[in-house]
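Okay, here's what each chain looks like letter by letter:
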Amino acid sequence: MTNEIPQELLWELAGSSKVVALTGAGVSAEVGIPTFRGPDGLWEGVKPEEVATPEAFKNNSQFVWNWYRERRLRMREVNFGVSHKALAELETIIPEFILLTQNIDGLHAKAGSKNVIELHGNIWFDRCSKCGVRVEASMEQKIPRCKNCGGLMRPDVVWFNEPLPEEALNEAFEASASCQFFLSIGTSALVQPAASLPLIAKNNGAFLLEINPNETPLTYYANWSFRRKSAEILPAIVENLRKILKV
Ligand code: OAD
């Protein structure tokens, strides 16, 4: 953890009643879930682009199902990290705090965050590929059929070449456009439409803070950018904010 959080940034955050954070794979990398585009950006030896697609599911449903089952088995063993915890704490300190995540692992909720918008779905649910009904994830080896219509069930996550859930996306746009402070944490900010959310916030007058060990296309626009891991910065922000707000 660091104590090098600039006062100017802390006061800006302390004075913001509506704050939005966007998280990406970097936050969960800290607890051992591989990122998409890092050096070990492969999941179980397979490129996500080759298996996390509607085409792959159409052509080889069982392979895709097995691959997600394997991911579920691994993710089940993983607990949230200090970054997830710090974000859950921020929610309790800031009057209106909305967490937008591109992660599908459900770790923000596990850490105690309540106001979470999951832009890319949640691996702990299944959805019928035909009628869309959503149920808790099955760990069966054989792909289950929908109890309503008999369609094949699939993980309730957004695949490459698929649109984001409309309601979640609208809420995310709305929150970003109306917040005073926006944190972009652990995302390469390359995948649309999530990548446009920080810029929408900035264009509407929000202070934009980025936390990422690597530069991203967002860095240029950020009011402040930490070239650090989120676990080194977020707990320090929470601790210092508590001091300022005396909470
Ligand atoms: P990426 O894998 O593209 O980027 C992860 C980012 O996390 C990189 O910029 C890293 O530098 C950064 N990072 C790594 N360790 C970090 C740490 N400890 N603290 C902070 N940052 C760290 O993952 P995303 O940006 O989440 O979508 O990818 C966005 C979307 O691309 C995913 O949700 C996925 C994929 O297409 C779908 O599957 C629909």
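Residues numbered from 1 in each chain as written. Predicted model: local features only at pLDDT ≥ 70, side-chain atom pairs only at ≥ 80, totals over all residues. Heavy atoms only, no water.

### Section: unusual backbone geometry
With glycine set apart, most residues show a phi of negative sign, and most peptide bonds adopt trans. Here the amide bond leading from Q192 into P193 is cis, since omega sits at 0°, within 30 degrees of zero. With respect to the secondary-structure elements, P193 resides in the loop between β7 (181–185) and α9 (197–203). Although it is not a glycine, A189 sits at a positive phi angle of roughly 55°. Within the chain, K246 stands out as a residue other than glycine whose phi angle is a positive 55°. Residue placement: K246 occurs in the segment after α10 (230–245). (Helix = DSSP H or I, 4+ residues; strand = E, 2+ residues; numbered from the N terminus.)

### Looking at the site of the ligand
In the region of the ligand, 20 residues are neighbours, and F36, R37, T187, S188 and N212 sit closest. A distance of 2.7 Å separates an oxygen atom of the ligand from a polar atom in the backbone of F36. Burial of the ligand by the protein chains amounts to 90% of its free accessible area of 790 Å². The class makeup of the residues in the shell around the ligand is 6 nonpolar, 11 polar and 3 charged. (Near = heavy atom within 4 Å. Polar contact = N/O pair within 3.5 Å; in protein donor to acceptor, adjacent residues only side chain to side chain. Areas by Shrake-Rupley, 256 points an atom, 1.4 Å probe, with all protein chains shown as cover. Nonpolar A, V, L, I, M, F, W, Y, C, P; charged D, E, K, R; others polar.)

### Comments concerning the domain arrangement of the chain
Domain boundaries assigned for the chain yield domain 1 (2–33 + 80–120 + 164–245) and domain 2 (34–77 + 121–157). For domain 1 versus domain 2, the separation of C-alpha centres amounts to 27 Å. With 16 residues of domain 1 at the contact, the number on the domain 2 side is 12 residues. Note on domain 1 versus domain 2: buried area summed over both sides is about 1,100 Å², and carbon and sulfur give 58% of it. For the pair domain 1 and domain 2, the number of links is 0 salt bridges. One can count 3 residue pairs in polar contact (both at pLDDT 80 or more) joining domain 1 with domain 2. For the side of domain 1 that touches domain 2, the element with the most residues is helix α2 (residues 25–29), which contributes 3 residues. (Domains from an automatic or database assignment. Contact = heavy atoms within 4.5 Å. Buried area = accessible area lost by both parts, 1.4 Å probe. Salt bridge = Lys/Arg side-chain N within 4 Å of Asp/Glu carboxyl O.)

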